[in-house]
Amino acid sequence: MNSTTLISTPISTGLAGKLGIFLGWSVVFAASVGLSFSITGIIFTFGNFVTHLSSEFGWSRTEISVAFLILTYVMVLTAPVVGAMVDHFGPRKVILPSCFLLGPGIMSLYFLTDNIWHLYIAFFLISLFGAATTPVTYAKAVINWFDKRRGLALGIAMAGTGIGGILAPQIAQFTISSFGWRTGYLVLGALTFLVAFPVVWVFLKESPDKYGLEPEPAPGSQPGKAGAPKPPVFGISTREAVRTKPFWLLMIAFVLIGVTIPGILAHFVPLLVDRGVSPAMATTAMSTFGLSVVFGRVAAGQLMDMFFAPRVAAIFLLGPALGMVILSMGASGNIVFVAAILVGLAIGAEFDVITFLSSRYFGLKSAGTISGYAFAAFNIGGGIGPAIMGYARDQTGEYTYALWALGSAALISAFLILQMGPYPKHFNGTGSGSPEPDPGGK
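No experiment lies behind these values; they were computed from the predicted model shown.

Peer 1: Let's hear about a nonpolar patch on the surface: which residues, and what values?
Peer 2: On the surface, a cluster of nonpolar side chains totalling about 490 Å² of accessible area is made up of W117, I121, F124, L125 and L128. Counting through the fold element by element, I121 comes out in helix α7 (residues 116–129).

Peer 1: Lay out the pattern of salt bridges in plain terms, naming residues and giving numbers.
Peer 2: Evaluated as defined, the whole model comprises four salt bridges. One network of salt bridges, in which partners are shared, links R61, D274 and R393.

Peer 1: A description of helix α10 (residues 181–203) should follow, citing residues and the corresponding values.
Peer 2: Here α10 spans 33 Å end to end across 23 residues, near enough to the 33 Å set by a 1.5 Å rise per residue. At A196, α10 shows its maximal kink, close to 30 degrees; a proline, P198, follows between one and four residues later. Listed in full, the buried residues belonging to α10 are W181, G184, Y185, L188, G189, T192, A196, F197, V199 and V200. Close packing links the buried residues of α10 with α3 (24–36), α4 (40–57), α6 (91–107), α7, α8 (135–143) and α9 (150–179).

Peer 1: Describe the packing of helix α13 (residues 279–306) against helix α14 (residues 309–328), naming the residues involved and giving the relevant values.
Peer 2: Where α13 meets α14, the closest approach of the two axes is 9 Å, and the angle between their N-to-C directions is 150 degrees. Considering the angle they form, α13 stands roughly antiparallel to α14. As for the relative orientation of α13 and α14, their crossing is right-handed in sense. Of the residues in α14, those in contact with G296, A299, A300, L303 and M304 of α13 are A309, V312 and F316. Among the residues forming the contact of α13 with α14, the class breakdown is seven nonpolar, one polar and no charged.

Peer 1: Provide a residue-level description of the side chain of H267, including the pertinent values.
Peer 2: Relative to the elements of secondary structure, H267 occurs in helix α12 (residues 245–274). A distance of 3.2 Å separates polar atoms of two side chains, one belonging to H267 and the other to Y399. Those residues in contact with H267, other than ones at most four positions away along the chain, are S65, P386, M389, G390 and Y399.

Peer 1: Tell me about the packing of aromatic side chains, residues and numbers included.
Peer 2: Within the structure shown, the criterion is met by 19 aromatic pairs. Measuring from ring centre to ring centre gives 5.4 Å for F100 and F197, while their planes differ by 65 degrees; the resulting arrangement is edge-to-face. Taken together, the residues F100 in helix α6 and F197 in helix α10 connect sequence positions 97 residues apart. In this structure, R92 is placed above the aromatic ring of W201, and the distance from its NZ or CZ to the ring centre is 5.3 Å.

Peer 1: Just give me the short version of the packing of α6 against α10, but keep the residues and values in it.
Peer 2: Closest axis-to-axis distance for the α6/α10 pair is 7 Å, and the angle between their directions is 160 degrees. The pairing of α6 with α10 is recorded here as roughly antiparallel in orientation. For the element pair α6 and α10, the recorded crossing hand is left-handed. Where α6 approaches α10, its residues R92, I95, L96, C99, F100, L102, G103, P104, I106 and M107 are matched on the opposing element by Y185, L186, L188, G189, A190, T192, F193, A196, F197, V200 and W201. Split into classes, the residues belonging to the contact of α6 with α10 amount to 17 nonpolar, three polar and one charged.

About the thresholds
- Residues numbered from 1 in each chain as written.
- Predicted model: local features only at pLDDT ≥ 70, side-chain atom pairs only at ≥ 80, totals over all residues.
- Heavy atoms only, no water.
- Patch = residues over 30% accessible without salt bridge, like charges linked within 9 Å, V, L, I, M, F, W, Y side chains within 5 Å.
- Areas by Shrake-Rupley, 256 points an atom, 1.4 Å probe, with all protein chains shown as cover.
- Salt bridge = Lys/Arg side-chain N within 4 Å of Asp/Glu carboxyl O.
- Helix = DSSP H or I, 4+ residues; strand = E, 2+ residues; numbered from the N terminus.
- Expected span 1.5 Å × (residues − 1).
- Bend = angle between axes of the 7 residues up to and from the residue.
- Buried < 20%, exposed > 50% of the residue type's maximum accessible area, 1.4 Å probe, protein only.
- Contact = heavy atoms within 4.5 Å.
- Axes fitted to C-alpha atoms, helices over the stretch in contact; angles between N-to-C directions.
- Parallel < 35°, antiparallel > 145°, perpendicular 65-115°, else oblique.
- Left-handed = near helix turned anticlockwise from the far one by under 90°.
- Nonpolar A, V, L, I, M, F, W, Y, C, P; charged D, E, K, R; others polar.
- Polar contact = N/O pair within 3.5 Å; in protein donor to acceptor, adjacent residues only side chain to side chain.
- Phe/Tyr/Trp six-rings, centres within 6.5 Å; stacked < 30°, edge-to-face > 60°.
- Lys NZ or Arg CZ within 6 Å of the ring centre and 35° of its normal.

Written out as structure tokens, the structure reads:
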């Protein structure tokens, strides 16, 4: 092991060895914390700031929603590039600089002026700085370390977005109520810089071969020797993947689910406030998304290890459709928590599904790049959904028609996922060349 490796990974490596813990779980921990205070924090808290920005600067909700569109479309452009960088350089070298820059980027919103282009430029830079703090990069780090329990590991790691979904809206609302919306952005940025970055720096590791280990060794097995040859990586190239039916079904499905989930996330709080719900209760309902995400992440990951993943994904993606029906009927009482739970479960599954299906259908050779394209597809829809919601509200005074459109998109996405077919046989879906059976995919 060379001096660079020793310098970059001193603490958790030795601690894991002394405790007899597989080092891959340190990566899961880093990913979970990193995602808790990542660019998803801006997504989950967008609605907390909408009414305040509109009140102070006189901007319409459609104009403010354009900032969300910019945020997501920059991620559309950067996700494939970031995914390719992760495949080439490794997750750590890509994630750390992005995590370092994101915090100050969010904090810069403290200085926002009444020029709408200031908002747009700020969100452009935040998305650019935080491009590598998304589930795509962290998921690649996790799948490098796990095979048999890949779904479970991904679920626990990706639960970080749910934890952020619980904490970020509450922190934002408390800070806004106590000190104003500008301080709210200041605090959100500080949490990314002071919490996520140090944890990722210490605990996020590159691939196991750098430590003489194999992915997720069986209990009682001995790790390989340091400096052992790097095991072969199975899978197909991105160029080969784009010529397959599952690739395009995955892309289209995630454009549609991207329309649904960010669309409701960006406008959930103002939707409830419009119906007479207090900002505090609306924020509590928003945090319900986060609770559901945590459960959805772990449950979806575990279930995809046990059952055919497209069927599991389709079941989870039916939740937003039902949630949109509930909200379109004018719900404003406790029933909104049910809608939030249904949508939150799908949020909990979507990034796990992207990475899991990418690795099972296309292998690990280009997993980062292919997952990046799927994440970009999600964000194409993610820019459209909030704009649809904002436009409907400005034109009709309510969100009803937009909610029906979002629910329909969720239904179609579930149907498309079911059409992906069985896992390919040339590497048995594992990405490792092992003779793992195809659960339920025959």
